[in-house]
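A look at the structure
Listed below, chain by chain, are the residues.
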Amino acid sequence: MCHAGPRTARADNGDRVARVTLSLRQATLIQSMSAAACFAMGGIDPGRLGAQALEHANTYGTTLTALRDGHEWMGQEATQAPRDLMAIAVAASDWRGYRPAIDQIIAGDLHSVVMRQIIRDTDPAVAAANHLSAHFLNTLELPEAATELRAAAQLAAHSRMLTQRALVEMCFVLFDIGGASMRARLAMTMDEIGESFARLGTGGPQIAEPPNARVSRNLRTAQLFWSKMAPTINATTSDTPPDALAVQKMLKLNRSVLKQLDQAVAGYVS
């Protein structure tokens, strides 16, 4: 990629901020595409959610390429740093194994082997994405209390991912996939989300408080929208599970949760 002149330190830091923000989103995208594909598979707004799953999958792949080769719209320069390339390659390897299952579900292949692959391979794919974001976060120049601020940024991104993981697990429970262990996983995820929001709101040992009023407001608003989603998610494990209309209404609220958490995560690193 050609440039008119040498990049300034400010431009280089802007590239790193964009790189961190993009990489922190990757784990959430994996859970979001899995949730959308699962709900579409179950016949809940299949056209829109199938398209959404495909969009998330394409965004994930495009972002991986952008982190390596550069992407003007995403604010990325190509990297030649060996450690960058290694971290990207690890995430790309997991992604190459994961995406075909998503594509099969979107295409309507509901074979049990595909579903087992999603259940088995989601966590490793998320772990690889988290390793990538931690790598880039450690390259970012942050102000004093940097360790606590990095930890808070990671927790905010983790909380965002957990909200989407809850939707995946909810969908599996709703359509009788995974049995009692999946119901237990959903309950643990819901508990962890509540704990994460609480830690982010007040800060704590090794976790910085929100860096400004805007991030604090984003977190509170996200938690408010999440509190409106939670009853529908929790009802999945009750004797009166939610119907398709209730799930669709809940998924509309999910867009607001993600918007607020996207802004909060960006606020920690910008």
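In what follows, the accompanying structure is described. (Residues numbered from 1 in each chain as written. Predicted model: local features only at pLDDT ≥ 70, side-chain atom pairs only at ≥ 80, totals over all residues. Heavy atoms only, no water.)

**Focus: the packing of aromatic side chains**
Taken as a whole and judged by the stated rule, the model has 2 aromatic pairs. Aromatic pair Y60 and W95: ring centres 4.4 Å apart, planes at 40°, arrangement tilted. Of this pair, Y60 sits in helix α2 (residues 46-69) while W95 sits in helix α3 (residues 82-106); the two residues are 35 residues apart in sequence, bridging distant segments of the chain. Centre to centre, the rings of W95 and Y98 are 6.5 Å apart; their planes meet at 40°, and the pair counts as tilted. Placement of the pair is W95 and Y98 together in helix α3, with a separation of 3 residues, close to one helical turn. Neither W95 nor Y98 differs from the other in exposure class; each is buried. In this structure an aromatic cluster arises from ring pairing among Y60, W95 and Y98. (Phe/Tyr/Trp six-rings, centres within 6.5 Å; stacked < 30°, edge-to-face > 60°. Helix = DSSP H or I, 4+ residues; strand = E, 2+ residues; numbered from the N terminus. Buried < 20%, exposed > 50% of the residue type's maximum accessible area, 1.4 Å probe, protein only.)

**Some words on the nonpolar core**
Ranked by size, the top nonpolar core spans 82 residues in total, and within it F39 and Y268 carry the most contacts. Mapped by element, the contributors of at least two residues to this core are α1 (9-41), α2, α3, α4 (112-137), α5 (146-174), α6 (179-202), α7 (213-235) and α8 (244-269). The leading source of residues in this core is α5, at 16 residues. (Core = buried A, V, L, I, M, F, W, Y, C linked by side-chain atoms within 4.5 Å.)

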